[in-house]
Amino acid sequence: MNSKILESIGIDPFYILVVMFMLIILLFVLVIGANMKYNRLKANYNSFMRGKDGKTLEKSILSKFKEIDALSTLTKRTRQEVKEMNQKLAGSYQKVGIVKYDAFNEMGGKLSFALTLLDGNDNGYIINAMHSREGCYLYIKEIVKGESYIELAEEEAESLERAIYKETYGLDI
């Protein structure tokens, strides 16, 4: 088999056959790879659609959308409730400070105390109970934004400081 065209170009027909054979093998490998991808896709599709036709699949998807809408509504309501609880909590007593002391030198046992109760904004009261042999005297002072308009005794100031900085100094309150 002599070809004048190939002879004029200077190419041996054997090399053309080898290149064609390698091209056929390459195409065969590509066809096998595409067939394997197709089979995997088909298997995934069959497992996805198992037992479901188009109508039941649509119902399933719509029910999931309804669940998502219900969760969204629940989340909004929960956020609003948390916001309301935080507002209520800011007005409740959250900080406590207490200092026990001897009000009068003749008494022992530290029966007197200064108790500070503050909310989240450092508003509240200091209750000072002074115990003596004749009786117990109780005083209350208002605290606004961490400060008193009435001069505080040393124990009351310490109690206020403990409450503001949430320090209990080893006391279980």
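Before reading further, recall that the structure is shown in the block above.
Fair warning: this is a prediction, and the values are worked out from it, not measured in the lab.

### Comments concerning the overall build of the protein
Within the protein one finds four helices and five strands. Among the 173 residues that make up the protein, the fraction classed as buried is 17%. Taking contacts inside the protein between residues at least 6 apart in sequence as the whole, the part at least 24 apart equals 41%. For the protein, the exposed area adds up to about 14000 Å²; of that, 61% sits on carbon and sulfur atoms.

### Thoughts on the packing of aromatic side chains
On inspection of all chains with the given rule, the structure shows one aromatic pair. The interplanar angle of 65 degrees and the centroid separation of 6.0 Å between the aromatic rings of F14 and Y15 together place this pair among those described as edge-to-face. There is no split in this pair, since F14 and Y15 are both exposed.

### Thoughts on the environment of C136
Residue placement: C136 occurs in strand 4 (residues 136-144). Distance in space between the C-alpha atoms of C136 and S112 is 8.5 Å, their sequence separation being 24 residues.

### Structural notes on the pattern of salt bridges
The final tally for this structure, using the stated rule, is four salt bridges. Across the salt bridge formed by E156 and K141, the nearest N and O atoms sit 2.8 Å from each other. Of this pair, E156 sits in helix 4 (residues 154-164) while K141 is found in strand 4, placing the two residues 15 residues apart along the sequence. Since its relative accessible area comes to 2%, E156 is described here as buried. Classification of K141 by relative accessible area gives buried; the value is 14%.

### A short note on the pairing of strand 4
Across eight bridges, the pairing between strand 3 (residues 124-131) and strand 4 is antiparallel. Paired with A129 across the strands is L138, a residue of strand 4. Taking the residues that link successive antiparallel strands as the turn, the strand 3-strand 4 hairpin has four residues. For strand 4 and strand 5 (residues 147-148), the ladder comprises two bridges, and the chain directions are antiparallel. Note that in strand 5 the partner of I143 across the bridge is S148. Counted along the chain from strand 4 to the antiparallel partner strand 5, the turn is two residues long, and its residue K145 has a positive phi close to 50 degrees.

### Regarding the environment of I126
Of note, I126 is situated in strand 3. For the pair I126 and L115, spaced 11 residues apart in sequence, the C-alpha separation works out to 5.5 Å. If we skip the residues at most four places from it in the chain, I126 touches L115, T116, Y139, I140, K141, I143, L152, E156 and L160.

### Points about the side chain of N128
Looking at the element boundaries, N128 is found in strand 3. A polar side-chain atom of N128 sits 2.9 Å from a polar atom in the side chain of E156. Other than its neighbours up to four places away in sequence, N128 contacts Y101, F113, A114, Y137, L138, Y139 and E156.

The rules behind each value
- Counting of residues starts from 1 at the beginning of each chain's written sequence and follows it residue by residue.
- Predicted model: local features are reported for residues with pLDDT of at least 70 only, side-chain atom pairs are reported and counted for 80 or more only, and whole-chain, interface and lining totals are derived from all residues.
- As a rule here, side-chain values cover all heavy atoms of the structure and leave hydrogens and water aside.
- Here a helix means four or more residues in a row that DSSP labels H or I, a strand means two or more in a row labelled E, and each is numbered from the N terminus.
- Buried means the residue's accessible area, taken with a 1.4 Å probe over protein chains only, is under 20% of the maximum for its type, while exposed means over 50%, and partly exposed covers the values in between.
- The criterion used for residue contact is that any of the two residues' heavy atoms lie within 4.5 Å.
- Each accessible area is a Shrake-Rupley result for a 1.4 Å probe, and residues are judged covered by the shown protein chains and nothing else.
- Only rings of Phe, Tyr and Trp enter the pairing, Trp through its six-membered ring, and a pair is recorded when the two centres are within 6.5 Å. The plane angle decides the type: under 30 degrees is stacked, over 60 is edge-to-face, the rest tilted.
- Salt bridge criterion: a side-chain nitrogen from Lys or Arg within 4 Å of a carboxyl oxygen from Asp or Glu.
- Pairing between two strands is assigned when DSSP locates at least 2 bridges connecting them.
- In the analysis that follows, any N or O atom pair within 3.5 Å is treated as a polar contact, provided that within protein one partner can donate a hydrogen and the other can accept it, and provided that, for residues neighboring in sequence, both atoms belong to side chains.

No statement about biological role is implied by the geometric values presented.
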